[in-house]
Amino acid sequence: MASWLLKGLILVIVGCLLPALFVESRIRHYKFNVVQKNHTRLCSTKSIVTINGKFPGPTLVAREDDTVVVKVVNHVKYNLTIHWHGIRQIRTGWSDGPSYITQCPIQPGQTFTYNFTLTGQRGTLWYHAHILWLRATVHGAIVILPKLGVPYPFPKPHKEVVVVLGEWWKSDVEAVINEALKSGLAPNVSDAHTINGYPGPVKNCNSQELFNLQVRPGKRYMLRIANAALNEELFFKIAGHQLTVVEVDATYVKPFKTDTIVISPGQTTNVILETDKLAGKYLVVVSPFMEAPIAVDNATGLATIHYATTSNTSTSLSTTLTAPPPINATQISDNFTNSLKALNSNKFPALVPQKVDHSLFFAVGLGINPCSTCVNGSRIVAAINNVSFVLPKISLLQAHYFNINGVFTPDFPANPPTPFNYTGNQVTNPATTTGTRVYRLPYNATVQLVLQDTAMLTPENHPFHLHGFNFFVIGRGVGNYDPKKDPKRFNLVDPVERNTVGVPSGGWTAIRFRADNPGVWFLHCHLEIHTTWGLKMAFLVDNGNGPNESIMPPPMDFPKC
Ligand code: C2O
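Computed from a prediction, not measured in an experiment: that's the story for all the values here.

A. Structural view of the pairing of strand β9 (residues 159-168). Burial runs high along β9: 8 of the 10 residues are buried. Where β9 meets strand β12 (residues 220-227), 7 bridges bridge the pair, whose relative direction is parallel. In the sheet register, Val161 faces β12, and the bridge partner there is Leu223.

Here it is as structure tokens:
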């Protein structure tokens, strides 16, 4: 009798466990309570907007093919949306998150549940608020593990560590941007760079504000690094160690070694750190990269790597130091960028569009528009093809889906209205037009987009992010793009695939993508001040044939404007 019971019990247990072992995809539920919370940084306390009281916010962990369901409850005084940066949102644009592009904001006291499936993606991405400047403190990492049983295309790391880089202002961030908009001038730069929320040791301050990673010798650690800074491209470096880059923006790359990585706001980079020292403490430095004569936050963010060894007299150990690269170290940046190539293996092929249906040329840069209430009678703006984008009052995606007229026009210019010597010194009229104009694409069209920086006011690096797609970075150069010569040098074999790319200061970048995701997709510079100034536009991708190529209906609890 007892053995019969036991057998039954075993059968039941096995019956319950087996499906769990074999069912690969599942639903991951998260709850984000967005709340004000006091945090002490740089030795003073201020109230910031956070997710669940944390800065950075909690890490989302899921597997390729999982569905992620995040219930966001807005307990703060600001309108709010969350964007899942780099998640493709195939047919689920409703959950993409840019305010007034795909959704109306979640108003104070309201709730919205984002719901999306992780199709064909694995790696590190991140999420952030996509309204006002709230993303300064409302952000966190997304870790997408490969499907069960599928290994990484590199030796399995001993441990994985999320490293989120950020910027910290002593004053309230919304006050900083409001002040700038009122004056028409550039905003105050931040006061510190943070590594997992901490700036490093603060002079004459007793509080512990240092991120310290404990490691064991002879192991491989994978650092999942995300740049969540608002306005600064960053260098990242560890004293005495080389880093092997294995992935960027959740796509695998051909591994290469470097001692410095360059990472733009919006980008993510996975590196392998081999702990090939026996003992000691090593400094981690994070510093800005800026080629133009533009004010940046010069403070170096510091963290430490600490080898845990048995004979540990930890605090007395001295730290091996390293200096950050010079702020304008273009060569270091170029070396890094030019080393990035898609892995392009049998399992992870680079599906670069070989023919182009829509060839676009976007001149991107700054401008000056009149403003009678501003300090100089004018304000700094930014524009693509001379259009400084104006956010509508209801979202573009709703206007498109429900055929609401008068919200946008589908006439975004494919080329600059008047071509000029983009990177020369010649002075042209810096005034821009304003408008809510989109570029319309049929389903599955292939697009080549050349992003050309202009020297208007000043040349500057622009990290461009495209929502809803990954793209291939097929070329890059200094000066003006030459449509005759430059395409001959395009890499159409193994170009790096990503969602955010730096347009070099005074140069250009060419990308290609396939418009296989119906909806409305934001394209913008991920320097938050440039987005605010209008350096943004949207693509409208039509439905294809049948339900599998069409936008899903909006969720029941979709926020109203
Ligand atoms: Cu990471 Cu439209 O943003």
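B. Inspection of the nonpolar core at higher detail. Grouped together as the largest cluster of nonpolar side chains are 126 residues, with contacts concentrated most on Trp84, Phe236, Phe362 and Phe539. Broken down by element, the residue count for this core peaks at 6 residues, all from strand β18 (residues 281-289). With residues up to four places along the chain from it excluded, the contact list for Phe539 reads Leu360, Phe362, Tyr439, Leu441, Leu449, Leu466, Phe513, Gly519, Val520, Trp521 and Leu523. Listed in part, the 13 residues of the second largest apolar core include Ala350, Phe361, Ala363 and Tyr422.

C. Just the side chain of Thr194, in detail. Of note, Thr194 is situated in strand β10 (residues 192-195). Dropping the residues within four chain positions of it, Thr194 is found in contact with Phe55, Val164, Leu165, Gly166, Glu167, Trp168 and Pro199.

D. A look at the state of the cysteines. Per the counting criterion, the structure on display carries 3 disulfides. Between the sulfur atoms of Cys104 and its disulfide partner Cys561 the distance amounts to 2.0 Å. Here the S-S torsion is close to -100 degrees, and the disulfide linking Cys104 with Cys561 is therefore left-handed. Taken as a pair, Cys104 in the loop between β5 (82-85) and β6 (111-117) and Cys561 in the segment after β33 (536-541) lie far apart in primary sequence, 457 residues in all. Through a disulfide, Cys371 is tied to Cys374; the S-S separation comes to 2.0 Å.

Cut-offs used in this document
- Per chain, residues are indexed from 1 in the order of the written sequence.
- Local features in this predicted model are restricted to residues whose pLDDT is 70 or higher, and side-chain atom pairs enter the listing and the counts only when it is 80 or higher, whereas totals over whole chains, interfaces and linings include all residues.
- Side-chain numbers come from the whole structure's heavy atoms, not from hydrogens or water.
- Relative accessibility decides the category of a residue: with a 1.4 Å probe and only protein chains considered, values under 20% of the type maximum give buried, values over 50% give exposed, and everything between is partly exposed.
- Per the convention used, a helix needs a DSSP run of H or I reaching at least four residues, while a strand needs a run of E reaching at least two, with both numbered from the N terminus.
- Strand pairing is assigned whenever DSSP identifies at least 2 bridges connecting the two strands.
- Only buried residues count toward a nonpolar core. Its members are Ala, Val, Leu, Ile, Met, Phe, Trp, Tyr and Cys residues joined through side-chain atoms within 4.5 Å.
- The contact criterion used is simple: two residues touch if any of their non-hydrogen atoms lie within 4.5 Å.
- Whenever a pair of cysteine sulfur atoms sits within 2.5 Å, that pair is classed as a disulfide.

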